[in-house]
Amino acid sequence: MSESTATDLVIILITGTENPKRLPSAFFLAATAAAAEQSVIMYFTGPATELLKKGVAETLFPLLGGNSVADFMKLAEDNGVRIIGCVQSLELNGMTEADIAQPLPLLTPSQALPALGGPLAAY
């Protein structure tokens, strides 16, 4: 997906490690929309930014014996979903850019707003 592509779906992910059973739905929705050739952005803010930390998503399992949150994230990314992190939420969670598992855009809410110009879904 190019930077100039209009966004069809924006998911603002606010759920993090505190409620792993809520997470798969957001990633399935994002992956399904992206697989249908929609432009999809997931904006991780609040507690959700903890999922971006190295090693966290790999050790979080919504269902005992099931896939990890990292697996759900990879499914979304493999289908073309763009992930953006909230830089202010990193600070609130005691994290820095060095803590992030992979390079990705880190934006303040005001910086992210232009990219979030599609229908919104919050999880």
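Everything that follows concerns the structure shown earlier in this document.
Below or above, wherever it landed, is the structure these notes cover. (Residues numbered from 1 in each chain as written. Predicted model: local features only at pLDDT ≥ 70, side-chain atom pairs only at ≥ 80, totals over all residues. Heavy atoms only, no water.)

A short note on unusual backbone geometry
Unlike most non-glycine residues, glutamate 37 shows phi in positive territory, near 65°. By secondary structure assignment, the location of glutamate 37 is in the loop between helix H1 (23-35) and strand E2 (40-44). What makes glutamate 37 exposed here is its relative accessible area of 74%. (Helix = DSSP H or I, 4+ residues; strand = E, 2+ residues; numbered from the N terminus. Buried < 20%, exposed > 50% of the residue type's maximum accessible area, 1.4 Å probe, protein only.)

What about the packing of aromatic side chains?
What characterises a pair of aromatic rings is the spacing of the ring centres plus the angle enclosed by the ring planes. Under the counting rule described, the total for this entry stands at 2 aromatic pairs. Consider the rings of phenylalanine 27 and phenylalanine 44, whose centres lie 6.2 Å apart with planes at 45°: the pair is tilted. Of this pair, phenylalanine 27 sits in helix H1 while phenylalanine 44 sits in strand E2, and the two are 17 residues apart along the sequence. Since its relative accessible area comes to 1%, phenylalanine 27 is described here as buried. Relative to phenylalanine 72, the ring of phenylalanine 28 has its centre 5.2 Å away and its plane inclined at 80°; by these criteria the two rings are edge-to-face. Taken together, the residues phenylalanine 28 in helix H1 and phenylalanine 72 in helix H2 (residues 69-78) connect sequence positions 44 residues apart. Overall, the relative accessible area of 41% leaves phenylalanine 28 in the partly exposed class. Given the relative accessible area of 10%, phenylalanine 72 is considered buried. (Phe/Tyr/Trp six-rings, centres within 6.5 Å; stacked < 30°, edge-to-face > 60°.)

Some points on the layout of surface pockets
Considered as a void within the structure, the largest pocket measures approximately 160 Å³ in volume. Lining the largest pocket are 13 residues, with Glu58, Met73, Glu77, Ala101 and Gln102 sitting closest to its centre. Across the lining of the largest pocket, the residue classes break down as 8 nonpolar, 1 polar and 4 charged. (1 Å grid on protein atoms, 1.4 Å probe; cavity = no way out; pocket = protein on both sides within 12 Å on 5 of 7 lines; lining within 4 Å. Points joined across faces, edges and corners; volume = space filled by probe spheres on them. Nonpolar A, V, L, I, M, F, W, Y, C, P; charged D, E, K, R; others polar.)

Section: the side chain of serine 89
Relative to the helices and strands, serine 89 is located in helix H3 (residues 87-92). Serine 89 gets classed as buried once you look at its relative accessible area, which sits at 5%. A polar side-chain atom of serine 89 sits 2.7 Å from the main-chain amide nitrogen of glycine 46. Excluding residues within four positions of it along the chain, serine 89 makes contact with Thr45, Gly46 and Thr49. (Polar contact = N/O pair within 3.5 Å; in protein donor to acceptor, adjacent residues only side chain to side chain. Contact = heavy atoms within 4.5 Å.)

Quick notes on H2
Residues Val69, Ala70, Phe72, Met73 and Ala76 constitute the buried set of H2. Across the axial projection of H2, the buried residues extend over an arc of 160°, all falling on one side. In this structure, the buried side of H2 is in contact with H1, E2 and strand E3 (82-86). Glycine 80 sits one or two residues past H2 and shows a positive phi near 105°. (Arc of directions from axis to C-beta.)

Focus on the pairing of E3
With 5 of its 5 residues buried, E3 lies for the most part within the structure. By the alternation rule, side chains of E3 split into Arg82, Ile84 and Cys86 and Ile83 and Gly85, which are all buried. Where E2 and E3 come together, 4 bridges link them in parallel fashion. Along E3, the bridge assignment pairs phenylalanine 44 with glycine 85. The parallel pair E2 and E3, bridged by H2, forms a crossover whose chirality is right-handed. Relative to strand E4 (residues 106-107), E3 runs parallel, the two sharing 2 bridges. Its bridge partner being in E4, cysteine 86 is matched across the sheet by leucine 107. Traced from E3 through H3 to E4, the parallel crossover comes out right-handed. (Pairing = 2+ DSSP bridges. Right-handed = clockwise from strand over helix to strand, strands pointing away.)

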